[in-house]
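Chain and residue survey
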Amino acid sequence: EAGVTQSPTHLIKTRGQQATLRCSPISGHTSVYWYQQALGLGLQFLLWYDEGEERNRGNFPPRFSGRQFPNYSSELNVNALELEDSALYLCASTPFLGDTEAFFGQGTRLTVV
Amino acid sequence: GEDVEQSLFLSVREGDSSVINCTYTDSSSTYLYWYKQEPGAGLQLLTYIFSNMDMKQDQRLTVLLNKKDKHLSLRIADTQTGDSAIYFCAESMGGGADGLTFGKGTHLIIQP
């Protein structure tokens, strides 16, 4: 069974640009979560999608947004990139709404220069 | 607010046992997790324990929970070079993985 897959593995963008990160959950999982792992800050919850709806968002500005598609895959969009957005972005999925046993992808390393 | 604390580094000799400690502040935590992150990789769920349990053993891994002291530990028996990674403790009250609160991770360094 394939795990959570994320693309691209690495992404380099210039300040002010937009970045799009993609995630495919484990087959059968309906909930997708996005986390930011910035140096020195640990993992911070960003967004949660389930059945195409945004269920919750963390303490991040509106330029962090996303969506979930009918096949449960998800995109994270970051607009007006700032240097501090440089981080590892991790996607996780759970089998159903409200489950806490999360399975993580390998992440997308976003570097803003 | 919720907080999860871990030591930043732990150095052990290959073959010895590693004990990684974690303290948390939220007494209503229901689930406590240990994740492993190898260099350049995502997080791998190692094991978890419910708050009504004191201990859980899974092959070389032993999780101990002291709910009174809000202290969680992960013991890795016969530590191998492949165990070298960052280990994250996380707690949750349930209701979704958005409620996971992670520690900053402990770097486990293996000495030959």
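A short tour of the structure in this document, coming up. Owing to the predicted nature of the structure, the values given are computational and were not obtained by experimental measurement. (Residues numbered from 1 in each chain as written. Chains lettered and ligands numbered in written order. Predicted model: local features only at pLDDT ≥ 70, side-chain atom pairs only at ≥ 80, totals over all residues. Heavy atoms only, no water.)

**Considerations on the overall build of chain A**
- Each helix and strand in chain A was counted, giving zero helices and 11 strands.
- Relative to the globule expectation of 13 Å for 113 residues, the C-alpha radius of gyration of chain A, 13 Å, shows essentially globular dimensions.
- When each of the 113 residues of chain A is scored for burial, the buried share is 50%.
- A sequence separation of at least 24 residues applies to 53% of the contacts in chain A between residues at least 6 apart.
- Carbon and sulfur atoms form 50% of the exposed surface of chain A, whose accessible area is close to 5,300 Å².
- Within chain A, the 11 negative side-chain charges are centred at a point lying 11 Å from the centre of the 8 positive side-chain charges. (Helix = DSSP H or I, 4+ residues; strand = E, 2+ residues; numbered from the N terminus. Rg over C-alpha atoms; globule rule 2.2 N^0.38 Å. Buried < 20%, exposed > 50% of the residue type's maximum accessible area, 1.4 Å probe, protein only. Contact = heavy atoms within 4.5 Å. Areas by Shrake-Rupley, 256 points an atom, 1.4 Å probe, with all protein chains shown as cover. Lys, Arg positive; Asp, Glu negative; His and termini not counted. Charge placed at Lys NZ, Arg CZ, Asp CG, Glu CD.)

**Topic: the nonpolar core**
All names here are of chain A.
- Of all hydrophobic cores here, the largest spans 22 residues; its most connected members are Leu21, Trp34, Leu46, Leu76, Tyr89 and Leu110.
- When residues of this core are traced back to their parent elements, those giving at least two are strand 3 (19-24), strand 4 (31-38), strand 5 (42-50), strand 8 (74-78), strand 9 (87-94) and strand 11 (108-112).
- Setting aside residues up to four positions removed in sequence, Leu110 forms contacts with Leu11, Lys13, Ala19, Leu81, Asp85, Ser86, Ala87 and Tyr89. (Core = buried A, V, L, I, M, F, W, Y, C linked by side-chain atoms within 4.5 Å.)

**Here's the deal with the sheet that holds strand 1 (residues 5-7) of chain A**
Residue and element names in this part refer to chain A.
- The strand order across the open sheet formed by four strands is 1-3-8-7, and the pairing between neighbours is antiparallel. Each edge of the open sheet carries a strand with a single partner, namely strand 1 and strand 7 (64-68). Within this sheet the neighbouring strands show an average axis-to-axis angle of 20°, counted without direction.
- Alignment of strand 7 against strand 8, held across five bridges, turns out to be antiparallel. When the sheet's bridge partners are listed, Phe64 is paired in strand 8 with Val78. (Pairing = 2+ DSSP bridges. Axes fitted to C-alpha atoms, helices over the stretch in contact; angles between N-to-C directions.)

**Some words on the pairing of strand 8 (residues 71-76) of chain B**
Residue and element names in this part refer to chain B.
- Taken together, the six bridges between strand 3 (residues 18-24) and strand 8 define a ladder with antiparallel strand orientation. In the sheet register, Cys22 faces strand 8, and the bridge partner there is Leu72.
- Remark: four residues form the turn of the hairpin made by strand 7 (residues 61-66) and strand 8, two consecutive strands paired antiparallel; Lys70 in that turn has positive phi of roughly 55°.

**Here's the deal with the state of the cysteines**
- A full pass over the atoms with the stated rule returns two disulfides over all chains.
- Between the sulfur atoms of A:Cys23 and its disulfide mate A:Cys91 the distance is 1.8 Å. Residues A:Cys23 and A:Cys91 share a disulfide whose torsion about the S-S bond is about -60°; that sign makes it left-handed. With A:Cys23 in strand 3 and A:Cys91 in strand 9, the pair connects residues that are 68 residues apart, well separated along the chain. Each member of the pair, A:Cys23 together with A:Cys91, is buried.
- Disulfide partner of B:Cys22: B:Cys89, at an S-S distance of 2.0 Å. The disulfide joining B:Cys22 to B:Cys89 has a torsion of about -65° about its S-S bond and is therefore left-handed. One end of the pair, B:Cys22, is in strand 3; the other, B:Cys89, is in strand 9 (residues 85-92), and 67 residues separate them in sequence. For the pair B:Cys22 and B:Cys89, a shared accessibility class is recorded, and that class is buried. (Disulfide = S-S within 2.5 Å.)

**Looking at the interface of chain B and chain A**
- Facing 20 residues of chain B, the contacting portion of chain A comprises 20 residues.
- Counting each side, the surface lost to burial between chain B and chain A is near 1,500 Å², with a carbon and sulfur contribution of 58%.
- Contact with chain A buries area across many residues of chain B, yet B:Leu43, B:Ala97 and B:Asp98 alone supply 34% of it, more than any other trio.
- At the junction of chain B and chain A, the tally comes to zero salt bridges.
- For the interface between chain B and chain A, the tally reads three residue pairs in polar contact (both at pLDDT 80 or more).
- Listing elements by their share of the side of chain B that touches chain A, those giving two or more residues are strand 4 (31-37), strand 5 (43-50) and strand 9 of chain B.
- Here the side of chain B that touches chain A takes four residues from strand 4 of chain B, the largest share from any one element.
- Tallied by class, residues from the side of chain B that touches chain A come to 11 nonpolar, seven polar and two charged. (Buried area = accessible area lost by both parts, 1.4 Å probe. Salt bridge = Lys/Arg side-chain N within 4 Å of Asp/Glu carboxyl O. Polar contact = N/O pair within 3.5 Å; in protein donor to acceptor, adjacent residues only side chain to side chain. Nonpolar A, V, L, I, M, F, W, Y, C, P; charged D, E, K, R; others polar.)

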